[in-house]
Amino acid sequence: MDGDLGDFLRSRRARIQPEEVGLPSHGRRRVPGLRREEVAQLAGVSVDYYIRLEQGRGPSVSDAVLDAVGRVLRLDDTEHAYLHAVARPRKPAGRPAAPRVRAGVQSLLDSMERTPAFVLDQRMDVLAWNTLADAVFGYGRTGPEGRNIPRHVFLDPGSQDFYPEWSAVAVQCVAHLRVLAGHHQDDRRLTALVGELSLKSDDFRRLWADHPVRECAYGVKRIQHPVAGLLTFPYETLAVSADPDQSLLVYTPEAGSETEERLRLLGSWRATPVQT
């Protein structure tokens, strides 16, 4: 994903006006936000050094410089971590082994009888799921490509009906994929996924160019299920400690809610063993 560092820095300096950091604006500017020389001045580095950083030619850049640039650009914690990741791309590793979900993790999923839950990897592929997740999302009835969250959101023509708040879901999806891409720049399959989505989806291409960076570890997701109707799920993301590239997502309906009742009925209709 060449150019990510420069694109990210340009997008972040474009959102800061000179007067916000105590600099004169000098009238109308050709492009919005701070100039490169102004970022360099405020960060305490030479203009040439900052230009080389923005061009991706600074692999040995120090933490102190990245931290200074991050402060000037007012990066939040997630954006700050992303800056460090893309400024120091890792060397490509050997061909990775196919991801596997440990039997103990699958047993944990199966024990969650009232909550849809599933495991994601660093490409947002769904690796494992429980009965209710299959009932809600249909993971057991589709192939591996259909179990990739970004592909479902941007390439499945039914996704905009499935997610009533599709625009917000799309932004969250791209923002989280940006975080993952920053930390896994050596993952060729992830790079290929971004390329595929960029070619096939105008919405993805536009959002990716905006460079949103945000972890979506918790929140509320609303789903218009074709059988059960509207389902509202607070969700939490938990790390699988023994497998750092895997995370467990749990969708927990509020006790006594209409979603809980609809989910109970849906589960009774689909109470069959999950095949993975």
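Residues numbered from 1 in each chain as written. Predicted model: local features only at pLDDT ≥ 70, side-chain atom pairs only at ≥ 80, totals over all residues. Heavy atoms only, no water.

Identification of the protein as Helix-turn-helix domain-containing protein from Streptomyces asoensis is taken from an unreviewed UniProt entry.

### Digging into unusual backbone geometry
Most peptide bonds adopt trans geometry, and most residues besides glycine take a negative phi value. The backbone of Met 124 shows a phi angle near 65°, a positive value even though the residue is not glycine. Tracing the sequence through the fold places Met 124 in the loop between strand 1 (117-120) and strand 2 (126-129). At His 211, a residue that is not glycine, the phi angle is positive and equals roughly 60°. Summarising the element assignment, His 211 is placed in the loop between helix 12 (202-210) and strand 3 (218-225). (Helix = DSSP H or I, 4+ residues; strand = E, 2+ residues; numbered from the N terminus.)

### So, the pairing of strand 1
Two faces make up the sheet, and in a regular strand the side chains alternate between them. Residue alternation in strand 1 divides its side chains into two sets, Ala 117 and Val 119 and Phe 118 and Leu 120, and both sets are buried. Of the strand pairs in this sheet, strand 1 and strand 2 are connected by 3 bridges, and their pairing is antiparallel. In the sheet register, Val 119 faces strand 2, and the bridge partner there is Ala 128. Where strand 1 hands over to strand 2, the hairpin turn is made up of 5 residues, of which Met 124 adopts a positive phi near 65°. (Buried < 20%, exposed > 50% of the residue type's maximum accessible area, 1.4 Å probe, protein only. Pairing = 2+ DSSP bridges.)

### Points about the packing of helix 4 (residues 63-72) against helix 5 (residues 77-87)
Running from amino to carboxyl end, helix 4 crosses helix 5 at an angle of 135°, the nearest separation of the two axes being 10 Å. Comparing their axes, helix 5 and helix 4 come out oblique. Handedness of the crossing formed by helix 4 with helix 5: right-handed. Every residue of helix 5 that contacts helix 4 at Asp 63, Leu 66, Asp 67, Val 69 and Gly 70 is listed here: His 80, Leu 83, His 84 and Ala 87. (Axes fitted to C-alpha atoms, helices over the stretch in contact; angles between N-to-C directions. Parallel < 35°, antiparallel > 145°, perpendicular 65-115°, else oblique. Left-handed = near helix turned anticlockwise from the far one by under 90°. Contact = heavy atoms within 4.5 Å.)

### Side note on the nonpolar core
Judged by nonpolar contacts, the single largest core of 41 residues is most densely connected at Phe 118, Phe 137, Val 153, Phe 154 and Leu 177. The dominant element in this core, judged by the number of residues it contributes, is helix 10 (residues 166-183), at 8 residues. Those residues within four positions of Phe 137 in sequence are excluded, and the remaining contacts are Phe 118, Phe 162, Tyr 163, Ile 223 and Tyr 251. One finds Val 39, Val 65, Val 69 and Val 72 within the second-largest nonpolar core, a separate group that totals 26 residues. (Core = buried A, V, L, I, M, F, W, Y, C linked by side-chain atoms within 4.5 Å.)

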